[in-house]
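Residue-level listing of the chains:
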Amino acid sequence: MMASQQYRLPSGGLVDRSRTIWFEFDGQNFTGHPGDTLASALLANGIRLTGRSFKYHRPRGILSAGSEEPNALVELRTGARREANTKSTMVELYDGLEASSQNRWPSLNFDVMAINSLLSPVFVAGFYYKTFMWPAAFWEKLYEPAIRRAAGLGRASDAADPDTYEKANAFCDVLVIGGGPAGLAAALSAAKSGARVILADENFALGGRAIDDNAPINDKAPAEWVAAVEAELAAMKDVRILRRTTVFGTYDGGTYGAVERVSDHLATAPSGQPRQRLWRIVAKHAVLASGATERPIVFGGNDRPGVMLAGAVRTYLNRYGVLPGQKAVVFANNDYAATTVTELDRAGVEVVALVDSRPQPSELISGIASAAETRLISGGVVTDAIGKKHVTGAVIRTRSGEEVKLDCDLIAVSGGWNPNIQLTTHLGGKPVWNDELSTFTPGVLPAGMSVAGSAGGTFGLRSALELGSAAGSTAATAAGFKAAATSVPRAKDEGVSISPLWRVPATRGKAFVDQQNDVTASDIELSEREGFRSVEHLKRYTTLGMATDQGKTANVNALAIMAELTKKSIPETGMTMARPPYTPVALGAFAGHHRGKEFKATRLPPSYAWTKEQGGNVVETGLWLRPSYFPRPSDADWLASVTREVNTVRSAVGICDVSTLGKIDVQGADAGAFLDKVYMNGMKTLAVGKARYGGMLREDGIFMDDGTVARFDENHYFVTTTTANAVKVFQHMQYCHQWLWPELDVHMISATEQWAQYAVAGPKSRDLLRKIVDPEFDISDAGFPYMKVGKITVCGGVKARLYRISFSGERAYEIGVPARYGDSMIRRLMEAGQEFGACAYGSEALGIMRIEKGHVSGPELNGTTTPRDLGLGGMVSTKKDFIGRVLGTRPGLLDPNRPSLTGFRPVDRSERLRSGAHFVARDVEVKPSTDDGHMTSVAYSPTLGHWVGLGLLKRAPERLGEILRAYDPLRGEDTLVEVISPCFVDPEGTKVRG
Amino acid sequence: MRINCPCCGERGLDEFVYHGDASVTRPDALAPDAMNDFVKYVYERTNTPGLHRELWFHAAGCHAWLVVTRGIATHAITSVELAREVARKRDLVTEENA
């Protein structure tokens, strides 16, 4: 079916009539023009019912023409790109657009849930809490699912978002927020001064109310002036115009958040273009020219399709060339809205009445009414909009109380305008009430922000142009530029006189305050009766202002109604503060490229390419992808692989990439003295050419990290940290140096990525290394004993460092080469190891061997344990000051009841152990008070042929030999374990020494 | 929030890591009443409104520790100094008093 745009005016508007584009709404095809919004195109086709309301499923249409829209929300696009609750007033029409209405079943015209409207007494504010109180179990199972099905808006897509998003930073001297007359004037005067200017507007066209209204600028159509200014700005090299860009938040230090809808006006994003771009704009100065939002008057049936904000009526007429109706009533309390009568009349719409709530008509109002031959009802109000799915008439109560019913299909309503002050309140600035304007205006502004035009409460086109231009010059001056002379274009101010009217008393139908969340005036009365009188309580009790429109058309009316009910002034009742974002922002925009695999950076160890060639498995360790084990076809499963790797290390030799350990190079005359303060054990006494295990504490005495400290020279140390804590330890050492002991002559640098380092472990490790290390270096046990370190060369002159240290308990070395040799080194080591039956091993085998040796790692260094808890108390120096020395001796930390490290094996050696299991004595009831600690690490020990575990147990040293329960209710396991020494393999340490 | 690093210039908050109070000085660990002093040093904070001197680390920048003076209600930063220089002055005063 071809719809005919029967409500499109024959001429006028800023749409491109030379092109016709197709779109689909609820499965039906329509046409529109480029330059339309979905809302204007729907209206052009006579579609006025666009959705059903949140709670009552009432028919709803288009209330506004902007981002304040509470009603005309649609699901835009289909499949994975379906986006719920999209404001059709902000959707730029594109060819092939698909949208559907929301919250209706089976169809928009016939919605069975509309029965909710008849049940409305149970759906009033607080109905959840009152109605569904008992029995509690019914809540989750019955009430909530039923309510969720009945109430709601659009459906989000279940599929992953196929679009891309990106983030960008921008810096400017002057940021102008809003491209209406004030914003354009501000941008122009600031740019002429030479300032770097960013002009952002949420709309796809600049102009704001200048193109919505039809008031001439420089005696010409306002769009001509807008186009000229835009062209002038676009030609200046230090000006960036961001259309379709909402500045949604004000942050500290002149930082603003903005989202640019780069491709939302296209069917799909072009290749290489994101859907949206999140901007972080840092501005020396900002001019807020965000305009104002018209507020409705609350009366009966004011949510019916065909009730439209007067300003929006003018927008549809002037900007889109669309008739929002054919027979109109204009209902207002102010002069500005009366111009709607003139505009409608000019477009050929019969205006059956201008209902002005003010009893005394001014000359201006009388003049407007008589020029349009419209009946003026001064001191009257519209009490009810009648009709079903759209307005068919208005009930008007005259000043004398007489009721008149007039046929119409459009009620243009205006209760005045609220400046868009949200961005002035994000940092806590409190708005101030202005009695004359009957609205809130900005209070104390964020540093570096000024406000121009109607956002500041100065209404009128001429004022907007003048104040905007002045604000732009002032902002540029504040940013250090010399203001240039600019001429302000000629224009006239509209009338701004207003007399407040918030709601019409004694209406028949439901009178809505918050249309998106279906909150009525009687809900506010109920809230007041039940004592929820503060604005914060009102909001939470009724959900007023908590929908996706943040109550842009609701909040001030609600406040005023509450003030009236409590007989207080509006400022006494409260104020409207906003939080970012100004309008909803897709989470995808905040994530940008940081999703899926790109959520965080990935670090690859030097042997990564070789590992993948070998079919090795890798595991995420922080940002690193570390080799975990190297399966061979003959291995039955992963356990077989790691068992083989452990056995190879214990019987021959294995090679493991340990480059991910943090490495810090520490140099200087006071390097030893410095490390003495950072480590709990002494480092100044470490001999040159030796390494030592070191432990670092936090100042509260808790173990922070461990690693080895090697001393290559009098003034040169090289320390390693755990993989997980590399960054934290480096930062900590910098803190110790720069803040605690700046007098020490020491310098340090992170060298984690500069050195590729391999552990070569096992009885044949020296034999293997002999083939790698250049012959002039003595690596015999006499020349290179356990814990010796040295600078050597390998493979014919490549500089390297050799450390005879062991994590596995075997004779072992670590060999470091500059990272660029890391890939060659693993290949050479494996090649040289072939004759000794060498294998590569990963973090799994490494972990098993450290548990067999009782070495602590992440599960034991868990931020609650002390050196004493870990059996390392003997290492703690008493001869020097170091971080954690004092608080580590607090009595609580020395309590023998503190769980400390010990080993466990299952009584029945065939049983497996579980980390996380809790220890309980055999003869007591299991309860928190009988908990004696927990298992921290477990492994199947290939060396011993059964499972072993490390754990933290109360009074561990005196309990060796005791049989306990390892109780694991999560997995439903309960295993008898024997307390033994934590070192299961070679406790004398003879193997490491060779 | 933006911090004007003395080495790198004004940079966004995400480059920095917060540490804590810069008004406390690490006591002498070898003094007889060290325990008392250290408990105060590690755990006790006044949490008064107004300006707060605090330590930040320029983690994604020059690796300098900074002493930032910030109004905790407004986030307005009134000064940014290199922690090393503040610490040297502090130690000089301590030595003179000793």
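Scroll up for the structure.
Let me begin by describing the structure that accompanies this report. (Residues numbered from 1 in each chain as written. Chains lettered and ligands numbered in written order. Predicted model: local features only at pLDDT ≥ 70, side-chain atom pairs only at ≥ 80, totals over all residues. Heavy atoms only, no water.)

With respect to empty space enclosed by the protein
Summary: where empty space remains is shown by rolling a probe the size of a single water molecule over the atoms. Residues and elements named next belong to chain A. Taken as a whole, this structure holds six cavities of 30 Å³ or more when the rule is applied. Approximately 70 Å³ is the volume attributed to the second largest cavity. Around the second largest cavity, the lining residues are Gly51, Arg52, Ser53, Phe54, Arg60, Pro70, Asn71, Leu73, Gln102, Leu153, Gln515 and Gln516. Looking at the lining of the second largest cavity, its residues break down into four nonpolar, six polar and two charged. (1 Å grid on protein atoms, 1.4 Å probe; cavity = no way out; pocket = protein on both sides within 12 Å on 5 of 7 lines; lining within 4 Å. Points joined across faces, edges and corners; volume = space filled by probe spheres on them. Nonpolar A, V, L, I, M, F, W, Y, C, P; charged D, E, K, R; others polar.)

Section: unusual backbone geometry
Residue and element names in this part refer to chain A. Going from proline 580 to proline 581, the amide bond is cis rather than trans, its omega being 0°. Within the chain, asparagine 218 stands out as a residue other than glycine whose phi angle is a positive 50°. By secondary structure assignment, the location of asparagine 218 is in the loop between helix H6 (209-212) and helix H7 (222-234). According to the relative accessible area criterion, asparagine 218 is partly exposed, its value standing at 29%. Even without glycine at this site, glutamine 550 takes up a positive phi of about 50°. Take glutamine 550: it is sitting in the loop between helix H14 (535-542) and helix H15 (555-566). Glutamine 550 sits in the partly exposed class, given a relative accessible area of 27%. (Helix = DSSP H or I, 4+ residues; strand = E, 2+ residues; numbered from the N terminus. Buried < 20%, exposed > 50% of the residue type's maximum accessible area, 1.4 Å probe, protein only.)

Some points on the interface of chain B and chain A
The partner chain A presents 28 residues to the 33 residues of chain B that form the contact. For the pairing of chain B and chain A, the buried interface totals around 2,600 Å² over both sides, and the portion due to carbon and sulfur atoms is 59%. It is Arg2, Arg26 and Trp65 of chain B that lose the most area in chain B upon contact with chain A, and together they represent 24% of the buried surface on that side. Put simply, chain B and chain A have three salt bridges between them. Where arginine 26 of chain B meets glutamate 699 of chain A, a salt bridge forms, and the shortest distance between an N and an O atom there is 2.5 Å. At the boundary of chain B and chain A, one finds 11 residue pairs in polar contact (both at pLDDT 80 or more). Within the residue set of the side of chain B that touches chain A, elements represented by two or more residues are strand E3 (17-21), helix H1 (34-43), strand E4 (51-57), strand E5 (65-71) and helix H2 (83-97) of chain B. Taken together, the residues that form the side of chain B that touches chain A break down as 21 nonpolar, four polar and eight charged. (Contact = heavy atoms within 4.5 Å. Buried area = accessible area lost by both parts, 1.4 Å probe. Salt bridge = Lys/Arg side-chain N within 4 Å of Asp/Glu carboxyl O. Polar contact = N/O pair within 3.5 Å; in protein donor to acceptor, adjacent residues only side chain to side chain.)

Here's the deal with the packing of aromatic side chains
All names here are of chain A. In total, this model carries 19 aromatic pairs over all chains according to the counting rule given. For the pair tyrosine 316 and tyrosine 320, a centre-to-centre distance of 5.7 Å together with 35° between the ring planes defines the contact as tilted. In this structure, tyrosine 316 and tyrosine 320 share a single accessibility class: buried. Pairwise contacts between aromatic rings join Phe712, Phe718, Trp755 and Tyr803 into one cluster. The ring of tyrosine 336 is capped by arginine 314, whose NZ or CZ atom sits 4.5 Å from the centre of that ring. Positioned above the aromatic ring of tyrosine 582 is the side chain of lysine 552, whose terminal nitrogen or guanidinium carbon lies 4.5 Å from the ring centre. (Phe/Tyr/Trp six-rings, centres within 6.5 Å; stacked < 30°, edge-to-face > 60°. Lys NZ or Arg CZ within 6 Å of the ring centre and 35° of its normal.)

Here's the deal with the sheet that holds strand E41 (residues 839-840) of chain A
Residues and elements named next belong to chain A. Within the open sheet, the six strands sit side by side as E38-E39-E40-E37-E31-E41. Their pairing is mixed. The sheet is open, and its two borders are formed by strand E38 (789-794) and E41, each paired with just one other strand. Here strand E31 (residues 654-657) runs beside strand E37 (residues 755-761); their pairing, made up of four bridges, is antiparallel. Within E37, the residue paired with glycine 654 across the bridge is alanine 761. (Pairing = 2+ DSSP bridges.)

Some details on the pairing of strand E34 (residues 703-713) of chain A
It is a general feature of regular strands that their side chains alternate between the two faces of the sheet. Residues and elements named next belong to chain A. Taking burial as the measure, the 11 residues of E34 include 10 buried ones, the bulk of the element. Summarising the sheet, strand E33 (residues 690-697) and E34 pair through eight bridges and their orientation is antiparallel. In the sheet register, methionine 696 faces E34, and the bridge partner there is aspartate 705. Joining the antiparallel neighbours E33 and E34 is a turn of five residues, in which glycine 701 adopts a positive phi near 90°. Judged from the four bridges that link them, E34 and strand E35 (residues 716-721) form a sheet pairing that is antiparallel. By the bridge assignment, arginine 711 is partnered in E35 with tyrosine 717. Once E34 ends, the chain turns through two residues before running back antiparallel as E35.

Some remarks on the side chain of serine 937 of chain A
Residue and element names in this part refer to chain A. Within the fold, serine 937 resides in strand E44 (residues 933-941). A distance of 2.8 Å separates a polar atom in the side chain of serine 937 from a polar atom in the side chain of arginine 850. Setting aside chain neighbours within four positions, we find serine 937 in contact with Arg850, Ile851, Pro859, Glu860, Ser915, Val948, Gly949 and Leu950.

This is a description of form; function is not addressed.
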